[in-house]
Amino acid sequence: MMSRPGIQRALIAAVQVLSLAVWFSASAVVPALRESWQISATASVWLTASVQLGFVAGAVTSTVLNLADRMRPHLLMAGSATLAAACTGIFALTVDGLAAAIPLRFLTGVFLAGVYPVGMKLTGSWAPPARRGLAFGVMIGALTLGSALPHLIGGLGDLPWRGVMGTAAGCALLGAVVAVALVREGPQFAPGTSPRPYPRYALAMFRQRAPRLVNLGYFGHMWELYALWTWLPSFLIAGTAARTGRDDASVSLLAFLAIGIAGVAGCLVGGWAADRFGRPRAAVTALVVSGACCLASPLFFTAPPGAVVLLGVVWGAAVIADSGVFSTALSEVADKRYVGTALTAQTAIGFALTVVTIQLVPVLADAVGWRWAFLLLAPGPLVGALAMRAFGHQPSRA
């Protein structure tokens, strides 16, 4: 029963939802941490940026060692989730300032590099190419829901920040248990084989046109994605204050609606569209819509609440709808022996880019105001759309 593809894909998605709750656990409680620790907005950026940098470091290490292709992936995922949970639990129980927080958040990112890319490989191993777009859409939807989960925990439970982070750590530990007990690798990528070490494949794939274009599309997508997820609550708070003169406690729930609920819906639609209409068309459509939301964001800054919710839902769905499409496409054009390495290298570079935009958005907001800050993100979807349009016009993607 547990070896059925649909059940395995559902289990892998469940592990992602639970394990990735620790990713934005600190970001979701930044207002409380700033008040408690008396830190500036610039300093608080590192609560998110350090996770991104840790993820890059972990992904690069995994790529060099070909871990995703040489280890049993469900065990790698379970061990990594356990260690990420431990880092977050220690943070919740003992940390009282940035000096201890930043190293723990960095290590959390390192260990999450053994959860997310490995989960993509496992998902692909249970999905034939004709159904892989939707399968990856479900997988990225799980990532989205897991990343947004701390906003829901904080918004509904009225927990102190230690309670939010402790709950997220417990979720990740449960994800590890599910991974080690129930998840297994499927037949699509020759499970049980251990290819020779080839760390240079992470660079060699860029010499081939198809992987190069898919990766460029992904990089444009990542330029926008995590900066939006990180700073959307601040954008909403500033807009609410400008419109009403007061803060709005519903911001956390609106952020969860946009990032979590709308994001999951976008992933499912994007995955379905990738299988139905092709990878390039699905990706270009999502990139164009999210780019348009970037450009329109100043118009919605002080708009009525209904209009702001509409922007959040549309943008939250579009910004993540193409993420699974890039993973799907790369899994189809990369060397089958090194699919795990290719996906891990792709995410390593993409997440390195997120550090740049996560840092730059609040700098621009300080200079010109939050109304205009998200305009910085618009070039990413533009570059990504051009790359995927070129990918769709090449003679062969096989």
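Residues numbered from 1 in each chain as written. Predicted model: local features only at pLDDT ≥ 70, side-chain atom pairs only at ≥ 80, totals over all residues. Heavy atoms only, no water.

**Comments concerning the overall build of the protein**
Argument step 1. Each helix and strand counted, the protein has 19 helices and zero strands in total.
Argument step 2. Expected size for 398 residues packed as a compact globule is a radius of gyration near 21 Å; at 20 Å, the protein falls within 12% of this value.
Argument step 3. Along the first, second and third principal axes, the C-alpha atoms of the protein reach 60 × 45 × 35 Å.
Argument step 4. Looking at the protein residue by residue over its 398 residues, the buried ones come to 57%.
Argument step 5. Relative to all contacts within the protein whose residues are 6 or more apart in sequence, the contacts with residues 24 or more apart total 84%.
Argument step 6. With an accessible surface of roughly 15,000 Å², the protein has 68% of that area assigned to carbon and sulfur atoms. (Helix = DSSP H or I, 4+ residues; strand = E, 2+ residues; numbered from the N terminus. Rg over C-alpha atoms; globule rule 2.2 N^0.38 Å. Buried < 20%, exposed > 50% of the residue type's maximum accessible area, 1.4 Å probe, protein only. Contact = heavy atoms within 4.5 Å. Areas by Shrake-Rupley, 256 points an atom, 1.4 Å probe, with all protein chains shown as cover.)

**Notes on the nonpolar core**
Argument step 1. Within the largest apolar cluster, 125 residues are counted, with the highest numbers of intra-cluster contacts made by W23, F91, L112, Y116, Y226, F351 and W370.
Argument step 2. No other element matches helix α12 (residues 209-244), which puts 16 residues into this core.
Argument step 3. Excluding residues within four positions of it along the chain, L112 makes contact with S19, L20, V22, W23, V51, F55, A84 and P117. (Core = buried A, V, L, I, M, F, W, Y, C linked by side-chain atoms within 4.5 Å.)

**Describing helix α19 (residues 379-392)**
Argument step 1. With 14 residues, α19 extends 20 Å between its outermost C-alpha atoms, agreeing within 8% with the 20 Å of an ideal straight helix rising 1.5 Å per residue.
Argument step 2. Taken together, the buried positions of α19 are G380, P381, G384, A385, A387, M388 and F391. Mapping the buried residues of α19 onto a view down its axis gives an arc of 165°, with all of them on the same face. Structural note: α19 exposes L382, L386 and R389 on the side pointing more than 90 degrees away from its buried face. (Expected span 1.5 Å × (residues − 1). Arc of directions from axis to C-beta.)

**Some points on helix α15 (residues 305-321)**
Argument step 1. With 17 residues, α15 should reach 24 Å at 1.5 Å per residue; the first-to-last C-alpha distance of 24 Å fits that figure.
Argument step 2. Regarding α15, the residues found buried are V308, L311, G312, W315, G316, A317, A318, V319, I320 and A321.

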